[in-house]
There are 2 protein chains.
Amino acid sequence: MPASQSNTAQTRVGIVAPASRLDPALADKVSALAAERYPNGTVELVFHPQCFLSEGHFAGDDATRAAAFLEVANDPGFDALWFARGGYGSDRLVEDVLPRLEPAAREKSYLGYSDVAMVLAGLYALGFEKLAHGPMPSDIRREGGAAAVARSLAWLVAQDPDSLEPSVTPGAKTAAFNITILSHLLGTLLQPDLADHVLMLEETEEQMYRIDRSLFHITSNPAIRKAAGIRLGRCSDILPNDPDFVLQEEAVVTHWCTRSGIPYLGRADIGHDADNKVVPFGVLWPG
Amino acid sequence: MPASQSNTAQTRVGIVAPASRLDPALADKVSALAAERYPNGTVELVFHPQCFLSEGHFAGDDATRAAAFLEVANDPGFDALWFARGGYGSDRLVEDVLPRLEPAAREKSYLGYSDVAMVLAGLYALGFEKLAHGPMPSDIRREGGAAAVARSLAWLVAQDPDSLEPSVTPGAKTAAFNITILSHLLGTLLQPDLADHVLMLEETEEQMYRIDRSLFHITSNPAIRKAAGIRLGRCSDILPNDPDFVLQEEAVVTHWCTRSGIPYLGRADIGHDADNKVVPFGVLWPG
């Protein structure tokens, strides 16, 4: 891991990629944006070189990704761990890294979404208090992506309330997940306790029958049925369904909410897009 | 439901479609094959008209599919319930039908695979003893599909041991599932107790990263870790992975078996193909 260029930064953010590889050009853009928004070195972003490795589907092999995550998580010199991007692969290291977390890991904040929520879920199960769902460096590739990245930086640096999903209320428990990822956590030791939480769900690049099946799965889980309710984020780039599924995303989620007795609370301002807002896991922590 | 044409048949098989619609032309082919193999009306196949309905993705709406399933399952005049095909949709009715099963339902045998294993799982959780994974009428569309259908008929009519997956051993517990379907049962009340079972798994038309993720999910479930071992069936028509996943199906399953401590027992002769063999749920029942 490269030594920090500056130890005078007020906020130091370490960035790792437990799933897929980050394009170095995107890291450069994010660093430039951070330097512009936070001049005089007050915010320092440190992209761990692991982010740029390539091993098949992954940003380096399982052991390398696990080591990079632990290096940043356990380093008291970092205020935050920001996940570089999703993709696929966090499940291959999460069970290995959880038992190796040290006290410094519990002090910092964590931000990401999609596949890396497998790690967020594991940390939440361990009682970590500063976890949130929100944009990642890779989101800068999107149209309007600079705003998404700036929103996350504002959250990481100053816990800016303007970064928050609008329905988030101080004192109320929330959590946000990609639908497919939460489905794949059910019945494992990583399944978070979401009792009394407003559960926000989003999806991308899935067929509607898969979304329906994943919502069957999520709403059939007895512990999930203790949630305060479900809000549906955006379901983007839905893949063609043969035959046409007829039902649209909100009809599907309301079907399963009705069947399971989980209140449906309306839409959430999250998704795989530039408008994706920040959602804390649990209650908002003191800034 | 049409009245039976013959009540002199030695074996009467009712066919329903809790998921996707069956092409009537395939039903005709299966009926012709049965008439040829079992002349003089000794075997009677009754395709419930629900099989041919169409409602969006499904063979009729949820209530209609549930009613047809119950009509056949609860009818003491049928010796067996054969699932017409998979596709998607069994999850939408399974919780409704389970509490409405009557004593006659427990006496008959059930055969199918893929999506309809959601129903088989629910029946297994209720203690039904004559459940098996094996070819369905829709398999007659495949090259060599007549052999697959004949194999299932031989099982339904006479519990022909030649129909069985070769590693099935009298007195030993087995079960077989599509990987994606079993993943979507975990953590629900439908999850079957597979302790001490040889668990056979197969997949079709998925990307390798999805297979990897589903096997993470399955092997991370504490109850599944009590299985006697896993055998890997065929993974057919794997969809392209971007980037290439590098690892092939057996490397993936052995990775997760090693990680979870579940013995890997080799390959199983099952899959979404004409060679798909019959696998009982639990121990072989008396013929």
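Keep in mind the model is a prediction, meaning the values are calculated, not measured. (Residues numbered from 1 in each chain as written. Chains lettered and ligands numbered in written order. Predicted model: local features only at pLDDT ≥ 70, side-chain atom pairs only at ≥ 80, totals over all residues. Heavy atoms only, no water.)

Engineer: Can you lay out the overall build of chain A for me, pointing to particular residues and giving the numbers?
Structural biologist: Within chain A, the regular secondary structure consists of nine helices and ten strands. Taken over C-alpha atoms, the radius of gyration comes to 18 Å for chain A, in line with the 19 Å a tight globule of 287 residues would show. Structurally, chain A occupies a C-alpha span of about 55 × 40 × 35 Å along its principal axes. Burial status across chain A gives 62% buried among its 287 residues. Of all intrachain contacts in chain A linking residues separated by at least 6 positions in sequence, the fraction that spans at least 24 positions is 80%. Of the roughly 10300 Å² of accessible surface on chain A, 50% is carried by carbon and sulfur atoms. Of note, chain A has its 24 positive side-chain charges centred 2 Å away from the centre of its 37 negative side-chain charges. (Helix = DSSP H or I, 4+ residues; strand = E, 2+ residues; numbered from the N terminus. Rg over C-alpha atoms; globule rule 2.2 N^0.38 Å. Buried < 20%, exposed > 50% of the residue type's maximum accessible area, 1.4 Å probe, protein only. Contact = heavy atoms within 4.5 Å. Areas by Shrake-Rupley, 256 points an atom, 1.4 Å probe, with all protein chains shown as cover. Lys, Arg positive; Asp, Glu negative; His and termini not counted. Charge placed at Lys NZ, Arg CZ, Asp CG, Glu CD.)

Engineer: Describe the relation of the copies chain B and chain A, and please don't skip the residues or the numbers.
Structural biologist: Expressed as a screw operation, the relation of chain B to chain A combines 0.0 Å of axial shift with a rotation of 180 degrees, fitting to an RMSD of 0.0 Å. Here the copies are linked by what is in effect a two-fold axis. When each C-alpha of chain B is compared by its distance to the rotation axis, B:Gly187 comes out closest, at 2.0 Å. Looking at the interface residues of chain B, 100% of them are also at the interface in chain A, so both copies use one shared face. (Least-squares fit on C-alpha atoms with pLDDT ≥ 70 in both.)

Engineer: How would you sum up helix H2 (residues 62-73) of chain A? Please name residues and give values.
Structural biologist: In an α-helix, one full turn covers 3.6 residues, which means residues spaced three or four apart are oriented alike. For H2(A), which comprises twelve residues, the first-to-last C-alpha distance of 16 Å matches the rise-based estimate of 16 Å (1.5 Å per residue) to within 8%. Taken together, the buried positions of H2(A) are occupied by A:Asp62, A:Arg65, A:Ala66, A:Ala68, A:Phe69, A:Leu70, A:Val72 and A:Ala73. (Expected span 1.5 Å × (residues − 1).)

Engineer: An account of the sheet that holds strand E9 (residues 264-267) of chain B is needed here, citing residue identities and associated values.
Structural biologist: All names here are of chain B. Ordered by their spatial adjacency, four strands build an open sheet running E6-E7-E8-E9, and the pairing between neighbours is parallel. Either end of the sheet is taken by a strand with one partner, and the two such strands are strand E6 (173-178) and E9. Neighbouring strand axes in the sheet, compared pairwise and without regard to direction, differ in orientation by 20 degrees on average. Where strand E7 (residues 197-204) lies against strand E8 (residues 229-236), six bridges are found, and the strand directions are parallel. Across the sheet, the residue bridging to Thr204 is Ser236, located in E8. (Pairing = 2+ DSSP bridges. Axes fitted to C-alpha atoms, helices over the stretch in contact; angles between N-to-C directions.)

Engineer: Lay out the pattern of salt bridges with the relevant residues and their values.
Structural biologist: By the definition in use, this model includes 28 salt bridges over all chains. Between A:Arg12 and A:Glu44 there is a salt bridge, with its nearest N and O atoms 3.0 Å apart. Highlighted residues: A:Arg12 in strand E1 (residues 11-16) and A:Glu44 in strand E2 (residues 43-47), separated in sequence by 32 residues. Accessibility classification places A:Arg12 together with A:Glu44 in one group, the buried group. Close ionic contact of A:Arg210 with A:Glu206 constitutes a salt bridge, the shortest N to O distance being 3.9 Å. Across the pair, A:Glu206 and A:Arg210 agree in class, each one buried. Several salt bridges converge on common partners, so that one network encompasses A:Asp62, A:Arg65, A:Arg92 and B:Asp212. (Salt bridge = Lys/Arg side-chain N within 4 Å of Asp/Glu carboxyl O.)

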